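Chains, contacts and geometry: an overview
Spelled out from the first residue to the last, the chains are:
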Amino acid sequence: GENVEQHPSTLSVQEGDSAVIKCTYSDSASNYFPWYKQELGKRPQLIIDIRSNVGEKKDQRIAVTLNKTAKHFSLHITETQPEDSAVYFCAASIIAAGNKLTFGGGTRVLVKP
Amino acid sequence: GAGVSQSPRYKVAKRGQDVALRCDPISGHVSLFWYQQALGQGPEFLTYFQNEAQLDKSGLPSDRFFAERPEGSVSTLKIQRTQQEDSAVYLCASSLPRDTGVQGTEAFFGQGTRLTVV
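Counting from 1, residues in each chain are numbered in the order their sequence is written. Labels are handed out in written order, letters beginning with A for the chains and numbers beginning with 1 for the ligands. Note on the predicted model: pLDDT of at least 70 is required for a residue's local features to be given, and 80 or more for side-chain atom pairs to be given and counted; whole-chain, interface and lining totals, by contrast, use all residues. To get the side-chain values, all heavy atoms of the structure are used, and hydrogens and water are removed first.

With 21 residues of chain B at the interface, the matching set in chain A holds 18 residues. What counts as buried area is the accessible surface, traced by a 1.4 Å probe, that two parts surrender upon association, with contributions from both included. Between chain B and chain A, roughly 1700 Å² of surface is buried when both sides are summed, and carbon and sulfur atoms account for 50% of that area. Of all residues in chain B, Thr105(B), Phe109(B) and Gln111(B) give up the largest surface area on contact with chain A, accounting jointly for 32% of the area buried on that side. Salt bridge, as used here, is a side-chain nitrogen of Lys or Arg placed within 4 Å of a carboxyl oxygen of Asp or Glu. At the junction of chain B with chain A, the criterion picks out one salt bridge. Taking the shortest distance from any N to any O, the salt bridge between Lys100(A) and Asp56(B) comes out at 2.9 Å. In protein, a polar contact means a hydrogen-donor-capable atom and an acceptor-capable atom, both N or O and within 3.5 Å, with residues adjacent in sequence counting only if both atoms are side-chain atoms; elsewhere, any N or O pair within 3.5 Å suffices. Seen at the junction of chain B and chain A, the total is seven residue pairs in polar contact (both at pLDDT 80 or more). Secondary structure elements are defined from DSSP: runs of H or I of at least 4 residues count as helices, runs of E of at least 2 residues count as strands, and each element is numbered from the N terminus. Elements represented by at least two residues in the side of chain B that touches chain A include exactly strand 4 (29-37) and strand 5 (44-50) of chain B. Looking at the side of chain B that touches chain A, the element that brings in the most residues is strand 4 of chain B, giving three residues. Any residue outside Ala, Val, Leu, Ile, Met, Phe, Trp, Tyr, Cys, Pro, Asp, Glu, Lys and Arg is labelled polar, Gly included; the first ten of those are nonpolar and the last four are charged. Its residues assigned to classes, the side of chain B that touches chain A comprises nine nonpolar, nine polar and three charged. Only heavy atoms enter the contact rule, under which two residues are in contact if any of them lie within 4.5 Å.

Now the structure itself:
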């Protein structure tokens with residue numbers, strides 16, 4: 001089955017700096033890659049996603065890049081703000097196979113004011 | 001409802017007790033998923049329904065775990081003879097609205113049920 005590895009496990013950045021989180025996946029059939037943000041005690045919420053037919057997607061301060069050949073994808077957050085502090089999870093799935101998500105282990109991001 | 005709703009939010013069970021966790025998905029969503037999230041880890045897939053059909057239960061850790069969605073809307077995850085290793089947050093997610101021409105992929109999560117087995 002699919003295996004998703006996520007690095008780093010913790011990330012501390014100064015407010016205004018950029019944060020980058022990297023994930024690798026094992027199943028070349030995976031074609032959908034969402035990123036979720038989870039604040040303490042709350043539900044995971046989708047912040048951005050990308051399908052395998054594109055290499056990059058951007059939404060304001062958040063961008064995701066995908067390298068299908070190398071089977072890795074990354075989340076980039078620019079101009080970080082204290083409210084970006086949370087745990088971020090990457091995930092991978094095969095849309096046609098029901099789209100069940102395999103998650104990475106998570107990255108705890110702390111943005112210091 | 002506006003989002004995925006789960007109940008109870010918190011459940012404390014004595015070891016050996018049976019528990020039932022409820023999920024109300026977003027109205028009209030075809031797909032429903034259950035995930036288990038241990039402390040400090042990412043959610044792990046348990047089972048998947050498309051309408052009332054349970055299409056994948058490969059993630060259920062043992063035969064003590066059972067899920068159903070009899071009418072294709074509300075789902076219940078039941079755990080029999082709970083053990084301490086069952087302590088976790090159980091998340092429900094729904095996706096894929098009916099009557100859409102586009103295959104929706106975003107999964108909307110509930111707030112989860114935190115199960116503590118003592």
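Let us keep going from here.
Residue and element names in this part refer to chain A. Spatial strand order, 1-3-8-7-6: five strands in an open sheet with antiparallel pairing. A single partner strand is all that each edge strand has here, and the edge strands are strand 1 (4-7) and strand 6 (56-59). Each neighbouring strand pair of the sheet contributes to a mean axis angle of 15 degrees, computed without reference to strand direction. DSSP calls a pair of strands paired once it identifies at least 2 bridges connecting them. Interaxial angle, 0 to 180 degrees, is taken between N-to-C directions of lines fitted to C-alpha atoms, where a helix line uses only the stretch in contact.

Tracing the backbone through its elements, the reader meets Asp49(A) in strand 5 (residues 45-51). In this scheme, a residue with accessible area under 20% of its type's maximum is buried, one over 50% is exposed, and one in between is partly exposed, where area comes from a 1.4 Å probe on protein chains only. Residue Asp49(A) is classed as buried on the basis of its relative accessible area of 13%. Of note is the side chain of Asp49(A), whose polar atom sits 2.9 Å from the side chain of Lys57(A). Aside from chain neighbours lying at most four places away, what touches Asp49(A) is Tyr32(A), Phe33(A), Pro34(A), Lys57(A), Val64(A) and Thr105(B).

A separate point is unusual backbone geometry. Along the chain, His7(A) connects to Pro8(A) via a cis peptide bond; the corresponding omega equals -5 degrees. If you trace the backbone, Pro8(A) turns up in the loop between strand 1 and strand 2 (10-14). Cis rather than trans, the peptide bond between Ser7(B) and Pro8(B) has omega equal to -10 degrees. With respect to the secondary-structure elements, Pro8(B) resides in the loop between strand 1 (5-7) and strand 2 (10-13). With phi around 55 degrees, Lys71(A) is a residue other than glycine that occupies positive phi space. Look at Glu79(A): it is not a glycine, yet its phi comes out positive at around 45 degrees. By secondary structure assignment, the location of Glu79(A) is in the loop between strand 8 (72-77) and strand 9 (86-92). The exposure class of Glu79(A) is exposed, given its relative accessible area of 53%.

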